[in-house]
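Architecture at a glance
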Amino acid sequence: MQAREQWQRSGIVSNCYIDNVLPVEVALLIRQAFPAGDLLKIRSSLRELKFIGTQMNQYDPIVEEALYAFQDQRVVDLVSQITALQGLLPDELLYAGGISVMTRGHFLNPHIDNSHDKNRALYRVLNLLYYVSPEWSLEKGGNLEVWPNGMGEKQQTIESRFNRLAIMVTNKHSWHSVSPVVAQDTRCCVSNYYFSRFPAEKEDYFHVTSFRGRPNQPVRNLVLKADAGLRNAVRKIFPKGVVRTKHYYNKGKD
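Residues numbered from 1 in each chain as written. Predicted model: local features only at pLDDT ≥ 70, side-chain atom pairs only at ≥ 80, totals over all residues. Heavy atoms only, no water.

1. Looking at unusual backbone geometry
Unusually for a residue other than glycine, Ala 84 sits at a positive phi of about 65°. Positionally, Ala 84 belongs in the loop between α4 (73-83) and β4 (89-90). Residue Ala 84 is classed as partly exposed on the basis of its relative accessible area, which comes to 43%. Despite not being glycine, Arg 120 shows a phi value in the positive range, around 55°. Since its relative accessible area comes to 31%, Arg 120 is described here as partly exposed. (Helix = DSSP H or I, 4+ residues; strand = E, 2+ residues; numbered from the N terminus. Buried < 20%, exposed > 50% of the residue type's maximum accessible area, 1.4 Å probe, protein only.)

The following block contains the structure:
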């Protein structure tokens, strides 16, 4: 299995991708049904700039169907075979998952994701990112970047190619980012996270989502490093946080 081989040889931050995941006509329908940015929430800070959506019943049903297709048990079992991670649990409430839209100037700085679910009961172990922007190319930006040796070394780039599913481990080493979008075009992504009772590495760990600056952003790096340190310290005192997250699917809300 090619994806399994990719995963095994990818290094510290295990990752792979699968192309031509769905029939082209279905992938095109998903893209056409994606909501415009003004119908989504904007995330704007030194950390990131992008539109996100989790309230899936407010969008075209095919977008929600596409998202939950990656939570089908047959898909979960296949991903488990590829990654050799056991006890994988998809997240019906989409904690930090959902959909995202990025346009020119949007970005996601290098970061590691929150190590657990919102109740700190399960480890977040995998990111599944499905891209549905036709004719996307490396030159347009908006590509997934993996930093296996930190920001001091060159990143690995995974193109956000149309109809591609990228799978990446989530642990304390999985620094990743999205390069700035430089084209007058729209990058659309369907995001899922898998959880487990078991960590994605041998030892237990805990951390909040922590951002850094890019190699050419020394001041931003200092600010984001201090921000991450403060938030990690707060979470050690208040394990479930002091602010209730709003990034989840409230299925009782219209």
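2. Topic: the pairing of strand β12 (residues 187-196)
Burial of β12 is extensive: 10 of the 10 residues sit out of reach of the surface. Examined bridge by bridge, β4 and β12 share 2 bridges and lie antiparallel to one another. Across the sheet, the residue bridging to Leu 89 is Phe 195, located in β12. By the bridge criterion, 8 bridges tie strand β7 (residues 123-131) to β12 in an arrangement that is antiparallel. Its bridge partner being in β12, Leu 126 is matched across the sheet by Tyr 194. (Pairing = 2+ DSSP bridges.)

3. Some points on the pairing of strand β6 (residues 107-112)
Of all 6 residues making up β6, 6 are buried, and the element is well covered by its neighbours. Pairing analysis gives 2 bridges linking strand β3 (residues 48-53) to β6, with the strands arranged antiparallel. What sits directly across from Glu 48, in β6, is Leu 108. Bridging between β6 and strand β11 (residues 176-178) involves 2 bridges; their strand directions are antiparallel. Looking at β11, one finds that Leu 108 is bridged to Val 178. Where β6 lies against strand β13 (residues 210-211), 2 bridges are found, and the strand directions are antiparallel. Paired with His 111 across the two strands is Phe 211, which belongs to β13.

4. Some words on the side chain of Ser 115
Here Ser 115 shows up in the loop between β6 and β7. Of note is the side chain of Ser 115, whose polar atom sits 2.9 Å from the backbone nitrogen of His 207. (Polar contact = N/O pair within 3.5 Å; in protein donor to acceptor, adjacent residues only side chain to side chain.)

5. Comments concerning the packing of helix α1 (residues 2-9) against α4
It is the contact of α1 with α4, at a shortest axis distance of 8 Å, that shows an interaxial angle of 45°. Judged by the angle between their axes, α1 and α4 are oblique. Residues Ala 3, Arg 4 and Trp 7 of α1 lie in contact with α4, whose contacting residues are Gln 81, Ile 82 and Thr 83. Of the residues assigned to the contact of α1 with α4, the class counts are 3 nonpolar, 2 polar and 1 charged. (Axes fitted to C-alpha atoms, helices over the stretch in contact; angles between N-to-C directions. Parallel < 35°, antiparallel > 145°, perpendicular 65-115°, else oblique. Contact = heavy atoms within 4.5 Å. Nonpolar A, V, L, I, M, F, W, Y, C, P; charged D, E, K, R; others polar.)

6. Remarks on the packing of aromatic side chains
What the rule picks out here adds up to 2 aromatic pairs. Ring geometry for Phe 70 against Tyr 130: centres 5.3 Å apart, planes inclined by 45°, an arrangement best described as tilted. With a gap of 60 residues between them, Phe 70 in the loop between α3 (61-69) and α4 and Tyr 130 in strand β7 connect regions that are remote in the sequence. Taking relative accessible area as the criterion, Phe 70 reaches 7% and is therefore assigned buried. An angle of 55° between the planes, with centres 5.2 Å apart, marks the rings of Tyr 123 and Tyr 205 as tilted. Note that Tyr 123 is positioned in strand β7 and Tyr 205 in the loop between β12 and β13, a separation of 82 residues in sequence. Tyr 205 carries the same exposure label as Tyr 123, and that label is buried. Between the NZ or CZ atom of Arg 124 and the centre of the ring of Tyr 193, over which it lies, the distance is 4.5 Å. Arg 164 extends its terminal NZ or CZ atom over the ring of Tyr 17, reaching a point 3.8 Å from the ring centre. (Phe/Tyr/Trp six-rings, centres within 6.5 Å; stacked < 30°, edge-to-face > 60°. Lys NZ or Arg CZ within 6 Å of the ring centre and 35° of its normal.)

Shape descriptors only; they carry no functional weight alone.
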